[in-house]
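As a plain string of letters, each chain reads:
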Amino acid sequence: MNNSPIGIFDSGIGGITILNSIKKILPNENIIYFSDNFNSPYGNKSKKEILKLSVKNTKFLIDKGCKIIVVACNTATTNSIKELRSEFKIPFVGIEPAIKPAAMQTKSGLIGVLATKGTLSSGLFGSTTNDYASEIKIIEKNAEGLVELIEKGFIDGDKIEKNLKKYLFPMIDKGIDHLVLGCTHYPLLIKTIRSLIPKNIKIIDSGKAVAKQTKKLIEKNNIESNLIEVKYSFYCNGSPKSLNMILNNTFAINSI
Ligand code: DGL
């Protein structure tokens, strides 16, 4: 038994999609969320920079007493999870694009992956693709500019639509039947994405899988919490505007 909080970090508000899945299946856990939005976006940064920021974010959450860290960012996970696991004793849960389920289910043999440059160029993405998708074709798109727009508060409207069309339409033309959302920010655009792509294309994200893995690791390490009343705390090091928007102003945001 351990009533310490779960720590979650992302480069911004994308990880809130993961927090929402975790809250559902772990309702007795306190959670601390950290948005490193001062350094957002991570997508075009080097592996070295991403690793440095991930270490800093982890230390922040450990200092706040977290018992497990969820790296709710594909870019941070694919560029730093191995190093984080060897540097810190605490358990880590990471997130990477859900290539495996898409590759197993595709009928057309073509899947689309929307992610950041940092994720698509990472060694982990390369090895996952080799392991699970060597028989199929992956159409990758670095969705440049989307994270910035989302952090500015755009989750629908003309700008988002125009950007998405640029990345999605070439994939649709090539005949994908699965679209993998390889960045935790993108599920926030689900309504627009759904409206732009044909119904037969299945959209896959890793949110639920990450929540399940978090539960599994908490049980395995015997660190479940038995709280009846839980507390969710939010921190950011840039403007609190985006967190306030996504949380509908229902929580006080701690600026650091
Ligand atoms: N949510 C992050 C991810 O999953 C966004 C990356 C970025 O900051 O560019 O990749």
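Residues numbered from 1 in each chain as written. Predicted model: local features only at pLDDT ≥ 70, side-chain atom pairs only at ≥ 80, totals over all residues. Heavy atoms only, no water.

Caption draft 1: Inspection of the layout of surface pockets at higher detail. The volume enclosed by the largest pocket comes to roughly 450 Å³. Forming the walls of the largest pocket are 21 residues, and the residues nearest its centre are G94, I95, E96, A209 and V210. Mapped onto the lining of the largest pocket, the elements with two or more residues apiece are α3 (74-87), β4 (92-93), α4 (99-105), α6 (123-132) and α10 (207-220). With four residues, the top contributor of residues to the lining of the largest pocket is α10. Partitioned by chemical class, the residues of the lining of the largest pocket number 13 nonpolar, five polar and three charged. Estimates place the volume of the second largest pocket at around 390 Å³. In terms of lining, the second largest pocket is formed by 14 residues, of which the most central are T17, N20, S21, K24 and D205. Of all the secondary structure elements, the ones that give two or more residues to the lining of the second largest pocket are α1 (16-25) and α10. Considering each element in turn, the lining of the second largest pocket owes the most residues, six residues, to α1. A per-class count over the lining of the second largest pocket returns seven nonpolar, four polar and three charged. (1 Å grid on protein atoms, 1.4 Å probe; cavity = no way out; pocket = protein on both sides within 12 Å on 5 of 7 lines; lining within 4 Å. Points joined across faces, edges and corners; volume = space filled by probe spheres on them. Helix = DSSP H or I, 4+ residues; strand = E, 2+ residues; numbered from the N terminus. Nonpolar A, V, L, I, M, F, W, Y, C, P; charged D, E, K, R; others polar.)

Caption draft 2: Representation of the state of the cysteines in the model. All chains considered together, the criterion is met by zero disulfides. In this structure C66 is not part of a disulfide, and its nearest cysteine sulfur, from C236, lies 16 Å away. C183 carries a free sulfur, and the closest cysteine sulfur to it, the one in C73, is 6.7 Å from it. (Disulfide = S-S within 2.5 Å.)

Caption draft 3: Highlighting the sheet that holds strand β8 (residues 202-204). Taken together, the four strands give an open sheet; going across it, the order is β6-β5-β7-β8, and neighbouring strands pair in parallel fashion. The two strands at the open ends of the sheet, each matched to only one other strand, are β6 (137-142) and β8. Each strand axis lies, on average, 20° off the axis of its neighbour in the sheet, ignoring direction. One ladder, built from four bridges, connects strand β5 (residues 110-115) with strand β7 (residues 178-181); its direction is parallel. Bridged to I111 within β7 is H178. Against the sheet, helix α8 (residues 158-174) touches β5, β6 and β7, its axis set at about 165° to β5. (Pairing = 2+ DSSP bridges. Axes fitted to C-alpha atoms, helices over the stretch in contact; angles between N-to-C directions. Contact = heavy atoms within 4.5 Å.)

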